[in-house]
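Structure assessment
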Amino acid sequence: MSVSGDPAFLKSLSDATWKAVRDAEINLPPDVKTRLEHAHRNESVLVARKELENILENIRLAEERSAPLCQDTGIPVMYVTIPPGFSWSPEMEQAVHEGIKKATNDVPLRPNLVHPLTRENTRTNTGLEMPPVHVCTGDRFTITALPKGAGSENVSRIHMMNPSEKGSIPRFIVETMLKAGGRPCPPVFLGVGVGGTFDKAASLAKEALLEPVDSMTEYEQDICDQVNRLGIGPMGLGGDTTCLAVKVKFAGCHTASLPVAVNIQCWAARRATVEVSL
């Protein structure tokens with residue numbers, strides 16, 4: 001079905017984008033808040049417990065004042081699902097960009113998008129082949145916003161391992177957090193991509209940050225426990241909780257390759273999904 005030129009639909013898509021970005025910037029998902037509350041209840045180190053109290057108060061005030069959770073409102077990474085029979089078009093992508101521009105002005109968001117060399121700012125969080133808009137088939141037409149700040153993005157890593165090193169994957173993940181220290185505003189969520197190609201592993205790692213964090217597999221829990229034994233703690237000041245959850249996504253890979261990517265997300269694991277009216 002082609003609706004790419006329908007002004008009413010394009011406005012609906014733009015409005016849904018605006019709402020997804022706005023909601024993600026202001027309100028944390030319930031599963032994320034639950035993990036933070038659990039960490040606060042179980043934290044044994046006083047300074048760490050106080051930092052977690054500050055984080056929970058930050059969340060409350062953002063909701064109360066309809067204000068962004070953090071001054072770094074990030075780059076809005078967008079995920080779109082379209083029902084079978086629909087086709088994605090340049091007009092639809094432009095509608096998504098219009099929604100981001102409106103959110104940048106209305107929320108407001110900090111304009112973060114700059115040219116990589118000249119550092120000239122587009123002032124709209126769009127342009128220069130950005131932001132990323134990932135499209136896949138789904139049951140409903142939805143748009144998801146995943147704002148990603150620089151503090152956590154800058155300490156993320158990818159490593160092209162040898163297949164014989166599969167037992168070292170947890171060590172690489174823990175080492176990544178050890179090198180990051182307090183810079184990504186822990187406690188963090190770790191999205192991990194294992195397999196695929198160089199670029200696919202990175203995409204998987206970011207997609208993993210969209211997964212619910214109210215449960216982990218045994219493999220994920222073991223890595224999370226290892227990270228927490230580092231003792232980095234909230235805001236890098238020491239404590240029991242350095243990592244709130246680890247989520248791992250896998251893909252097939254070349255017989256001679258084993259890509260592993262770790263995308264670190266700060267405590268403000270912002271994401272929101274809005275259904276697009278058809």
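The paragraphs below set out a description of the structure included in this document. As the structure is a prediction and not an experimental result, all values here were calculated from the model.

This paragraph deals with the overall build of the protein. Check the secondary structure of the protein and you find eight helices and eight strands. In the protein, which comprises 278 residues, the share counted as buried stands at 49%. In the protein, the proportion of contacts linking residues at least 24 apart, taken out of those at least 6 apart, comes to 81%. Taken as a whole, the protein presents about 13,000 Å² of accessible surface, with 52% of it coming from carbon and sulfur. Averaging the positions of the 29 positive and the 33 negative side-chain charges in the protein gives two centres separated by 4 Å.

Turning our eyes to something else, we now look at empty space enclosed by the protein. Tallied over the full model, the rule gives one cavity of 30 Å³ or more. What the largest cavity holds in volume is close to 50 Å³. Along the walls of the largest cavity sit Phe 189, Leu 190, Ala 208, Leu 209, Val 213, Lys 247, Gln 265, Ala 269 and Arg 271, which together make up its complete lining. The residue inventory of the lining of the largest cavity, partitioned by class, reads six nonpolar, one polar and two charged.

Two pairing modes exist for strands in a sheet, parallel and antiparallel, and in both the strands are linked by backbone hydrogen bonds. Judged by pairing direction, the sheet is mixed, and its four strands sit side by side in the order β2-β1-β3-β8 without closing on themselves. Two strands in the sheet have a free side with no partner beyond their single neighbour: β2 (133–137) and β8 (272–275). Sheet twist, expressed as the mean angle between neighbouring strand axes with direction ignored, is 20°. Pairing analysis gives seven bridges linking strand β1 (residues 75–82) to strand β3 (residues 142–148), with the strands arranged antiparallel.

Definitions and cut-offs
- Residues numbered from 1 in each chain as written.
- Predicted model: local features only at pLDDT ≥ 70, side-chain atom pairs only at ≥ 80, totals over all residues.
- Heavy atoms only, no water.
- Helix = DSSP H or I, 4+ residues; strand = E, 2+ residues; numbered from the N terminus.
- Buried < 20%, exposed > 50% of the residue type's maximum accessible area, 1.4 Å probe, protein only.
- Contact = heavy atoms within 4.5 Å.
- Areas by Shrake-Rupley, 256 points an atom, 1.4 Å probe, with all protein chains shown as cover.
- Lys, Arg positive; Asp, Glu negative; His and termini not counted.
- Charge placed at Lys NZ, Arg CZ, Asp CG, Glu CD.
- 1 Å grid on protein atoms, 1.4 Å probe; cavity = no way out; pocket = protein on both sides within 12 Å on 5 of 7 lines; lining within 4 Å.
- Points joined across faces, edges and corners; volume = space filled by probe spheres on them.
- Nonpolar A, V, L, I, M, F, W, Y, C, P; charged D, E, K, R; others polar.
- Pairing = 2+ DSSP bridges.
- Axes fitted to C-alpha atoms, helices over the stretch in contact; angles between N-to-C directions.

In short, shape yes, function no, at least from these values alone.
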